[in-house]
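Structure assessment
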Amino acid sequence: MKKIYALLTAVVVAGLFFNSCEKIRSFGDINKSPNSPSTAFTSYMFTQSQRYLYYFVTGNATNAYDPWQQQWNGYLAECKNNQYGPLGTTTTWGNSTFYLTPLKNLHYIIEMNEDPEQVDLPNVTALGTSANQIAAAKTLMAFYYMTLSDIVGPIVITEAFQGSSDDNWTPKYDTQKEVYDFLDASLNEAYGQFDTSGDLNASADACFGGDIAKWKKFNASLRMLAAIKLCDVDPATGKSRFAKAYSDGGMTSSSDNFSHTHDDLNWNMLYYWNNPTYPSASFAMAPNYFIVEQMKKFKDPRMFKYFDIEGYLGPRDPEKFPRDSYDSFYGIPLGLNSNTDVTAWTPYICSVANKMLAMDATLPVITAARVLLTEAEAAARGWISADAKTLYEAGIKASFEQWEADGADAYVASEAVAFNAANAIEQIALQRWIAGYLADGIEAWSDWRRLDIPKLPVGPEAARNGNSHYPYRLAYSTMQDPELNNAQYQEALKDLRGSGDNVSSRVWWDVADNTEGVLTAEQVTPPSF
């Protein structure tokens, strides 16, 4: 029987494990009997694994004022000062947090269910049917692995968690191609393991409430999102993988969305920054100039759901800012010249919709709108036998459904939005970006890196500091990978496109040439009345 540490209890599971590159501490007599049943409950470990999704929504409590997940794709910008506009502050990312808890928990859930001596114990069956536990754990692990790899590049997978079993404290980093090969194989295996006649503990599953059908849709959707990123580096493989996932069936409705619900122990950072009911709210973030201007251009009814006309200064003059007018809404560019210039915009900018500012708000991580619009891209590329126009319109309507916005039929039929096969990829990508506002953060950033849509020129403050583009990736944390596993880390850097471990190098699938330039004088000048 594989060794399961008896100290893996519900109350301390989040603090026991370290990155696969770090040694597990010795706990003395606690681990002397590896054949004793663990007191860890799979249900608790699964719930804890899902709580870490907030890192991919708007940030986390340890980095509360830098929602780069929603800034580097053109959704949010600073409206009080200019701390992150220069694009030179957030440059590194540490994976250890995820190996420490969510990935390690999921790994143990799989091990415990594959161990004949433990599989029928009450603390193991607590999460549900064994096959569904394994399949759901593999699927969620794949999401984490894909997202972590898209942020930094090569990561540890095949030699992860071998410290205690194989005394391997310096695991190799899998190249991103190897990561994507693993993802497709693991997700396909998991898809076949889901048992619709069995169960998954609804109260322990914060994402889908134990709904196996939704887990299967999410599984197929992840495979499609991974496959589409191969369009420039291995289109034949991408096409084959996408077609298989599409035939299995991905998300089709906003009720299928893969979301994270915050709570009083895991605050929505938008509440922390901007909700007027929070005593020390800094009112630090506002909608980005580019998402607001694009929606005004298309006369997109979702604007009235995305943004609040009142802004952060209280009621507006209804004659200057009529609530039902698209022209009343203004976003703010990211990275203006100075805090003074940022302040000059404040009287005019709209705010994030109140619905998104609640402490316990539910924010999507992967949406059906994104999946349907990705299917539309695959159809436009000839990867699947489906009508790109039908999928394009279905994706937009799923977004309207998600935001409870009216007017979807008229919108998709409007001249500016109506499907045009001659310009399909750009058109689909633009609508996917609009639909991804405050959702799909990392995926939206990946879209921009892969397709250079939308154009996101940097602010003059960034240009003055020598940053000519938004980050293409984040560097490995200097406190983790280079220090603890340097030889393997150096090998991993060879897989990057570029010159070293920095934000200007690119991950394997990113071969775009993002050249947006600097904000124009017109774009940095606030409106006047």
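Predicted model only: the values in this text are computed from it and were never measured.

Analysis parameters
Residues numbered from 1 in each chain as written. Predicted model: local features only at pLDDT ≥ 70, side-chain atom pairs only at ≥ 80, totals over all residues. Heavy atoms only, no water. Helix = DSSP H or I, 4+ residues; strand = E, 2+ residues; numbered from the N terminus. Rg over C-alpha atoms; globule rule 2.2 N^0.38 Å. Buried < 20%, exposed > 50% of the residue type's maximum accessible area, 1.4 Å probe, protein only. Axes fitted to C-alpha atoms, helices over the stretch in contact; angles between N-to-C directions. Parallel < 35°, antiparallel > 145°, perpendicular 65-115°, else oblique. Left-handed = near helix turned anticlockwise from the far one by under 90°. Contact = heavy atoms within 4.5 Å. Nonpolar A, V, L, I, M, F, W, Y, C, P; charged D, E, K, R; others polar. Polar contact = N/O pair within 3.5 Å; in protein donor to acceptor, adjacent residues only side chain to side chain. Pairing = 2+ DSSP bridges. Phe/Tyr/Trp six-rings, centres within 6.5 Å; stacked < 30°, edge-to-face > 60°. Lys NZ or Arg CZ within 6 Å of the ring centre and 35° of its normal. Salt bridge = Lys/Arg side-chain N within 4 Å of Asp/Glu carboxyl O.

1. Topic: the overall build of the protein chain
Counting its regular elements, the protein chain contains 23 helices and eight strands. Taking 2.2 N^0.38 as the reference for a compact globule, 529 residues should give roughly 24 Å; the C-alpha atoms of the protein chain span a radius of gyration of 23 Å, in line with that estimate. In terms of principal-axis extent, the alpha carbons of the protein chain reach across some 75 × 45 × 45 Å. Every one of the 529 residues in the protein chain was classed for burial, and the buried ones make up 60%.

2. Some points on the packing of helix 15 (residues 368–380) against helix 16 (residues 388–403)
Orientation of helix 15 relative to helix 16, taken along the N-to-C sense of each, is 165°, at an axis distance of 8 Å. As summarised for this structure, helix 15 and helix 16 are arranged roughly antiparallel, according to the angle between their axes. Crossing geometry of helix 15 relative to helix 16 is assigned as left-handed. Here Ala369, Leu372, Leu373, Glu375, Ala376, Ala379 and Ala380 of helix 15 lie close against helix 16, whose contacting residues are Ala388, Leu391, Tyr392, Ala394, Gly395, Ile396, Ala398 and Ser399. Of the residues contributing to the contact of helix 15 with helix 16, the split by class is twelve nonpolar, two polar and one charged.

3. Concerning the packing of helix 8 (residues 176–193) against helix 9 (residues 212–228)
Axis separation between helix 8 and helix 9 bottoms out at 10 Å; the angle between their running directions is 160°. Taken together, helix 8 and helix 9 sit at an angle that is classed as roughly antiparallel. Along this stretch, helix 8 crosses helix 9, giving a crossing that reads as left-handed. Between helix 8 and helix 9, the contacting residues are Tyr180, Asp184, Leu187, Asn188, Ala190 and Tyr191 on the first element and Lys216, Asn219, Leu222, Arg223 and Ala226 on the second. Grouping the constituent residues of the contact of helix 8 with helix 9 by class yields six nonpolar, two polar and three charged.

4. Some words on the side chain of Asn123
Position of Asn123 among the secondary structure elements: in helix 5 (residues 122–125). For Asn123, a relative accessible area of 8% puts it in the buried group. At 2.8 Å, the side chain of Asn123 forms a polar contact with the backbone oxygen of Ala40.

5. A word on the environment of Lys355
Structurally, Lys355 is set in the loop between strand 6 (351–352) and strand 7 (362–366). Residue Lys355 is classed as exposed on the basis of its relative accessible area, which comes to 51%. Distance from Lys355 to Lys305, taken between C-alpha atoms, is 8.6 Å for residues 50 residues apart in sequence. In this view, Lys355 contacts Ala361, Gln402 and Glu404; residues no more than four positions away in its chain are not counted.

6. Quick look at the pairing of strand 7
The buried count for strand 7 comes to four of five residues, which makes it a mostly enclosed element. Pairing of strand 3 (residues 258–261) with strand 7, which is carried by four bridges, proceeds in the antiparallel orientation. Following the sheet pairing, Ser259 is matched in strand 7 by Pro364.

7. Focus on the environment of Gly85
Checked against the element boundaries, Gly85 lands in the loop between strand 1 (76–78) and strand 2 (92–93). Given a relative accessible area of 1%, Gly85 falls into the buried group. Considering only alpha carbons, one finds Gly85 and Leu336, 251 residues apart in sequence, at a separation of 6.9 Å. When neighbours within four sequence positions are excluded, Gly85 is seen to be in contact with Glu78, Leu334, Gly335 and Ala462.

8. Some remarks on the packing of aromatic side chains
As enumerated under the stated definition, the model contains 45 aromatic pairs in all. Summarising the aromatic geometry, the rings of Tyr99 and Tyr145 are spaced 6.4 Å apart at their centres and angled 55° between planes, so their arrangement reads as tilted. Residue Tyr99 is found in helix 3 (residues 96–100), and its partner Tyr145 is found in helix 6 (residues 130–152); the two are separated by 46 residues along the sequence. Taken individually, Tyr99 and Tyr145 each receive the classification buried, so the pair is uniform in this respect. Aromatic pair Tyr392 and Phe419: ring centres 5.4 Å apart, planes at 55°, arrangement tilted. Linking Tyr392 in helix 16 with Phe419 in the loop between helix 17 (408–413) and helix 18 (424–435), this pair joins segments that are 27 residues apart in sequence. You'll find Tyr392 and Phe419 in the same group, each marked buried. Directly above the aromatic system of Tyr330 lies the positively charged group of Lys296, at a separation of 4.3 Å from the ring centroid. Just above the ring of Tyr472 sits the side chain of Arg506; from NZ or CZ to the centre is 3.6 Å.

9. Description of the pattern of salt bridges
Counting across every chain of the model gives 29 salt bridges. One salt bridge connects Glu293 with Lys296, and the closest N-O pair in it is separated by 3.1 Å. Of this pair, Glu293 and Lys296 both sit in helix 12 (residues 289–298), separated by three residues, roughly a single helical turn. For Glu293, a relative accessible area of 26% gives the class partly exposed. Put simply, Arg450 and Asp447 hold a salt bridge, and the shortest N to O gap is 3.3 Å. In this pair, Arg450 and Asp447 both sit in helix 19 (residues 441–451), three residues apart, roughly one turn of the helix. For the residue pair Arg450 and Asp447, the accessibility class agrees, reading buried in each case. Beyond isolated ion pairs, a larger network of salt bridges with shared partners links Arg370, Glu377, Arg381, Arg432, Asp440, Asp447 and Arg450.

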